[in-house]
Structures are given as structure tokens and as C-alpha cells.
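This is what each chain is made of:
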Amino acid sequence: KVRGKTPVTLPDDATAEALQAAGLGAAALTLIPRGVGELTLSAANYYQAMRPGEKVSFTAELKNTGTLPLFGTELDLRGPRAWKVSGSPQREIDLEPGQDVRVTIEVDPIGAPDVGDYEGRVTARCRVSGELIESEERLFRIHAEGAAALGPTFAVASVLLVLVSLAAWVAV
């Protein structure tokens, strides 16, 4: 029973007039498809070795894996302190559902970094109807190599030469 009345069975294609004739209310509804926003950022490799004076770059794929169009997607790039990290394309990216775009992340250490391993982070994000849509944060690693260490080799060779010369002089 519906509010004390006997249930009424109506055909699936009942009109508003048929509902009113049966003593039932009717309302017009408009469906607005909402969908799901989802971004994926992936790369084959998030590790690079870097020699002194070099810049390094990573290539990744940014994909709209959701069912909503995503407009104004931006890359959020963070690198080691005092390093310059930039992304390409440098404009906001619009992605339809299923669409992907290739992005490049370039890292410039600005000067000669100490030998060692460094980390940076990249995330893609946009807003749809006030809701933040964000990819998983990805870490990229860079190993800064040093210049060939020839100084110690020359120092050892020089000491050996002096010792051999002294031994030859003492022997005479």
C-alpha cells in the first residue's frame, strides 16, 4: 500500500497525464550525467643518471582514465632545492575521456650538484565542478655523477716517483 491507498500498476510508458488520472503526482526530472574524473600519470622509467653540466628529462603519459572531460589539467612539479624543474606542454591540458597526451619533465640542477641521489615529485591535477581530480604522485630519481677523480691518481703516482727517485739516490 502507498499511503493507505491500493497500489496501482502502470505501464512502463505511463505519461504524466496517466499518473494524474490515477490520482498520483508526477514530477519532471532532468538527468545530468556526472561521470567520474580520473587521471593517470605513467612512465617507463623514473630514474636517470646525470653527469656534471647535464640536464635530464623524463617522458610520461598523462591519461584521462575517467568518464568526464577534464579541462585545465596542470602538472605540479617539485624537484630538489634550487634545481629548475619544468614540464612540457607548459599550458593547461584538456583531456576527453580515454584521451592521453605525452608530457616531458626536464630537470636542470643549475650548477654542479654534489655526487649522490636526488628526488623530485610530479602530480597532475585539475578541478571539475569544484572537485579536485588528481593523479597519484610519482617520484623521479636522479643520480648525479661526479667528474672523473684524476687528482688522487696523480698524487699517488707523484709519491711513488719521489720514493723511487729517493731509493735510486740512496743506492748510489
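Residues numbered from 1 in each chain as written. Predicted model: local features only at pLDDT ≥ 70, side-chain atom pairs only at ≥ 80, totals over all residues. Heavy atoms only, no water.

Looking at the pairing of strand β7 (residues 100-108)
Stage number 1. Bridge count for strand β3 (residues 56-64) against β7 is eight bridges, and the pairing is antiparallel. Each bridged residue has a counterpart across the sheet, and for glutamate 61 the counterpart in β7 is arginine 102.
Stage number 2. As defined by bridge partners, strand β5 (residues 84-88) adjoins β7 across five bridges and the pair is classed as antiparallel. Note on β7: the bridge partner recorded for valine 85 is valine 107. (Pairing = 2+ DSSP bridges. Helix = DSSP H or I, 4+ residues; strand = E, 2+ residues; numbered from the N terminus.)

Some points on the side chain of serine 135
Stage number 1. Inspection of the secondary structure puts serine 135 in the loop between β9 (131-134) and β10 (138-144).
Stage number 2. When near neighbours in sequence (up to four residues on either side) are disregarded, serine 135 contacts Leu39, Leu41, Thr123 and Ala124. (Contact = heavy atoms within 4.5 Å.)

Section: the packing of aromatic side chains
Stage number 1. This model, assessed by the stated rule, comprises two aromatic pairs.
Stage number 2. With 5.2 Å between their ring centres and 45° between their planes, phenylalanine 58 and phenylalanine 140 make a pair best called tilted. Residue phenylalanine 58 is located in strand β3, and its partner phenylalanine 140 is located in strand β10; the two are separated by 82 residues in the primary sequence. Of the two residues, phenylalanine 58 and phenylalanine 140, both sit in the buried class.
Stage number 3. For the pair tryptophan 83 and tyrosine 118, a centre-to-centre distance of 4.7 Å together with 40° between the ring planes defines the contact as tilted. Of this pair, tryptophan 83 sits in the loop between β4 (70-78) and β5 while tyrosine 118 sits in strand β8 (residues 116-128), and the two are 35 residues apart along the sequence. (Phe/Tyr/Trp six-rings, centres within 6.5 Å; stacked < 30°, edge-to-face > 60°. Buried < 20%, exposed > 50% of the residue type's maximum accessible area, 1.4 Å probe, protein only.)

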